[in-house]
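Chain by chain, the residues run as shown.
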Amino acid sequence: MPLLEIKDLSIRFGGLQAVKNYNLTMNPGDIRGLIGPNGAGKTTVFNMMTGILTPTEGQVLLNNWSIEGFQPYQIAARGIGRTFQNLCLWRHMTVLEHVKMACYSKITYGLFGAFFGGARRKREETQMTNKAMDLLALVKLDQFADQLVGNLPYGAQRRMEIARALATDPKILLLDEPTAGMNPEELDQIMEIIRLVHGEYKMAILLIEHRLKFVMELCERIQALVFGEVIAEGEPEEIRNHPQVIEAYLGKEIEY
Ligand SMILES: Nc1ncnc2c1ncn2[C@@H]1O[C@H](COP(=O)(O)OP(=O)(O)OP(=O)(O)O)[C@@H](O)[C@H]1O
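Below is a summary of the structure that appears in this document. (Residues numbered from 1 in each chain as written. Predicted model: local features only at pLDDT ≥ 70, side-chain atom pairs only at ≥ 80, totals over all residues. Heavy atoms only, no water.)

### As for the sheet that holds strand β10 (residues 229–234)
To be explicit about the condition: Any two strands with at least two DSSP bridges between them are considered paired. Comment: elements are numbered from the N terminus, with helices defined as DSSP H or I runs of at least four residues and strands as E runs of at least two. Fitted lines through C-alpha atoms serve as axes, helices being fitted only where they are in contact, and the angles separating the N-to-C directions of these axes extend from 0 to 180 degrees. What makes two residues a contact is simply this: any of their non-hydrogen atoms within 4.5 Å.
Here six strands make up an open sheet; going across it, the order is β6-β7-β8-β3-β9-β10 and the pairing mixed. Taken across any chain shown, the strands that pair with only one partner, and hence form the sheet edges, are β6 (80–82) and β10. Averaged over neighbouring strand pairs, the angle between their axes works out to 20° when direction is ignored. As paired elements, β6 and strand β7 (residues 172–176) share three bridges and run parallel to each other. Following the sheet pairing, Arg82 is matched in β7 by Leu174. Sheet contacts for helix α7 (residues 184–201): β3 (31–35), β7 and β8 (204–208); angle to β8, the most-contacted strand, approximately 155°.

What follows is the structure, encoded as structure tokens:
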């Protein structure tokens, strides 16, 4: 049984067919890329996979469990974690608080325990702090744990978002343009972190990315989406030389 199976996923917004018959199968440890020009439907695919949008047709199965009818937080708790293209951060919280907050989806002590829980609550709080600090170390932000999120440079905020997504213990991690707005130094850092997450956690990762060099270096297989439809799928080399992909990127040689 695959970890993730997406079957003929489609969505319409009024007269616009934003995604049509999208299919994907992933197994634990796979690292895949989804590319395509602006407005191709990439984020819409992520939004359907995480319960933010309801598909017009099709199915998303996680370990054979259909996400249909479930809320985004329930889908996240079952194992689909994500980051967003535009950062969704609480700028006045500290870095550690941010990541810990995502860990709370895993607590077992409940509301009564929060007030009267004593030893169990304390134990779980310590575990959560340790877990959040480990994740911050992974994304090289442990030394900034007590800083306000709003004071971090942009690249660091994006790395923190990855730590936050990992705090829910996802089985598959969806990264929506993790390199957006980054300078070359930050790019190297985020590449290393994604490699680490993939290598160390054996995490399945699906990556939306505009920077083709980045996605081609990282991913084993890539899908190219144009006007909501997959026009090419294969290993980076096949995608790089695919005539329709080249054409979709302004009809020019693809810039790497
Ligand atoms: N909630 C919505 N309601 C109406 N139209 C939408 C909605 N979400 C997305 N769209 C439209 O669907 C199309 C696909 O958008 P989407 O954001 O998925 O593209 P994308 O490939 O992620 O683009 P980009 O790289 O620019 O982020 C666009 O034409 C967009 O305007």
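### Comments concerning the site of the ligand
Quick reminder of the rule: Note on terminology: near, applied to a residue and a molecule or strand, indicates that one of the residue's heavy atoms is within 4 Å of it. We call two N or O atoms a polar contact when they sit within 3.5 Å, provided that within protein one can donate a hydrogen and the other can accept it, with sequence-adjacent residues counted only if both atoms are side-chain atoms. Under the scheme applied here, ten amino acids are nonpolar (Ala, Val, Leu, Ile, Met, Phe, Trp, Tyr, Cys and Pro), four are charged (Asp, Glu, Lys and Arg), and all others, including Gly, are polar.
Close to the ligand lie 14 residues; Gly39, Gly41, Lys42, Thr43 and Thr44 are nearest. For the ligand, an oxygen atom lies 2.8 Å from a polar atom in the backbone of Gly39. At 3.1 Å from an oxygen atom of the ligand is found a side-chain nitrogen or oxygen belonging to His210. Those elements giving two or more residues to the shell around the ligand turn out to be β2 (16–26) and α1 (42–49). With three residues, α1 is the single largest residue contributor to the shell around the ligand. Grouping the constituent residues of the shell around the ligand by class yields five nonpolar, seven polar and two charged.

### A few points about the packing of helix α3 (residues 95–103) against helix α6 (residues 154–166)
Applicable threshold: Angles below 35 degrees are treated as roughly parallel, those above 145 as roughly antiparallel, those between 65 and 115 as roughly perpendicular, and all remaining angles as oblique. Definitions for this section: a left-handed crossing has its near helix turned counterclockwise from the far helix by less than a right angle. A right-handed crossing has that turn clockwise.
Across the interface, α3 lies against α6 with an axial gap of 7 Å and an inter-helix angle of 30°. With respect to each other, α3 and α6 are oriented roughly parallel. Like other packed secondary-structure pairs, α3 and α6 cross with a definite hand, here right-handed. Of α6, the residues touching α3 (which contributes Val95, His98, Val99 and Ala102) are Met160, Ala163 and Arg164. Split into classes, the residues belonging to the contact of α3 with α6 amount to five nonpolar, one polar and one charged.

### Re the pattern of salt bridges
We apply this condition: The salt bridge definition used is simple: a Lys or Arg side-chain nitrogen within 4 Å of an Asp or Glu carboxyl oxygen. Burial here depends on accessible area, computed with a 1.4 Å probe over protein chains only, as a share of the maximum for the residue type. Under 20% is buried, over 50% is exposed, and the range in between is partly exposed.
In this structure the tally under the stated criterion is eight salt bridges. Here Arg164 makes a salt bridge to Glu161, at a shortest N to O gap of 3.6 Å. Here Glu161 and Arg164 lie together in helix α6, a separation of three residues that amounts to about one turn. Neither Arg164 nor Glu161 differs from the other in exposure class; each is buried. Residues Glu237 and Arg240 are paired through a salt bridge, measuring 3.2 Å at the closest nitrogen-oxygen approach. Of the two residues, Glu237 and Arg240 are both situated in helix α9 (residues 236–240); the distance of three residues between them amounts to about one turn of the helix. For Glu237, a relative accessible area of 46% corresponds to the partly exposed category. Its relative accessible area of 27% is what places Arg240 among the partly exposed residues.

### Concerning the sheet that holds strand β5 (residues 65–66)
Spatial strand order, β2-β1-β4-β5: four strands in an open sheet with antiparallel pairing. In this open sheet, the two edge strands, each paired with only one partner strand, are β2 and β5. Bridging between strand β4 (residues 57–62) and β5 involves two bridges; their strand directions are antiparallel. Paired with Leu62 across the bridge in β5 is Trp65.

### Considering the packing of aromatic side chains
Stated formally: Stacked, edge-to-face and tilted labels apply to pairs of Phe, Tyr and Trp rings (six-membered ring for Trp) whose centres lie within 6.5 Å, assigned for plane angles under 30 degrees, over 60, and everything in between, in that order. Note on criteria: charge over ring means Lys NZ or Arg CZ within 6 Å of the ring centre, with the direction from the centre no more than 35 degrees off the ring normal.
Inspection of the entire model under this criterion finds one aromatic pair. With centroids separated by 4.8 Å and ring planes inclined at 50°, the aromatic side chains of Trp65 and Phe70 adopt a geometry described as tilted. Residue Trp65 is classed as buried on the basis of its relative accessible area of 14%. Look at Phe70 and you get partly exposed, because its relative accessible area is 33%. Sitting over the face of the ring of Trp65, Arg78 holds its NZ or CZ atom 4.0 Å from the ring centroid.

### Brief notes about the nonpolar core
The criterion, for reference: We call a set of buried residues a nonpolar core when its members are Ala, Val, Leu, Ile, Met, Phe, Trp, Tyr or Cys and they connect through side-chain atoms within 4.5 Å of each other.
Among the nonpolar cores identified, the biggest contains 49 residues, and Ile35, Leu136 and Ile194 are the most heavily contacted of them. Contact partners of Ile194, with chain neighbours within four places excluded, come to Ile31, Leu175, Pro178, Ile205, Leu207, Phe214 and Leu218. Listed in part, the 28 residues of the second largest apolar core include Leu3, Leu34, Met48 and Leu206.

### Observations concerning the pairing of β10
Direction of pairing for strand β9 (residues 221–226) relative to β10: antiparallel, over a ladder of five bridges. Residue Ile222 lies in a different strand from β10, and its bridge partner there is Gly234. Two successive antiparallel strands, β9 and β10, enclose a turn made up of two residues, where Phe227 displays a positive phi of approximately 45°.

Functional significance is not addressed by these values, which are geometric in nature.
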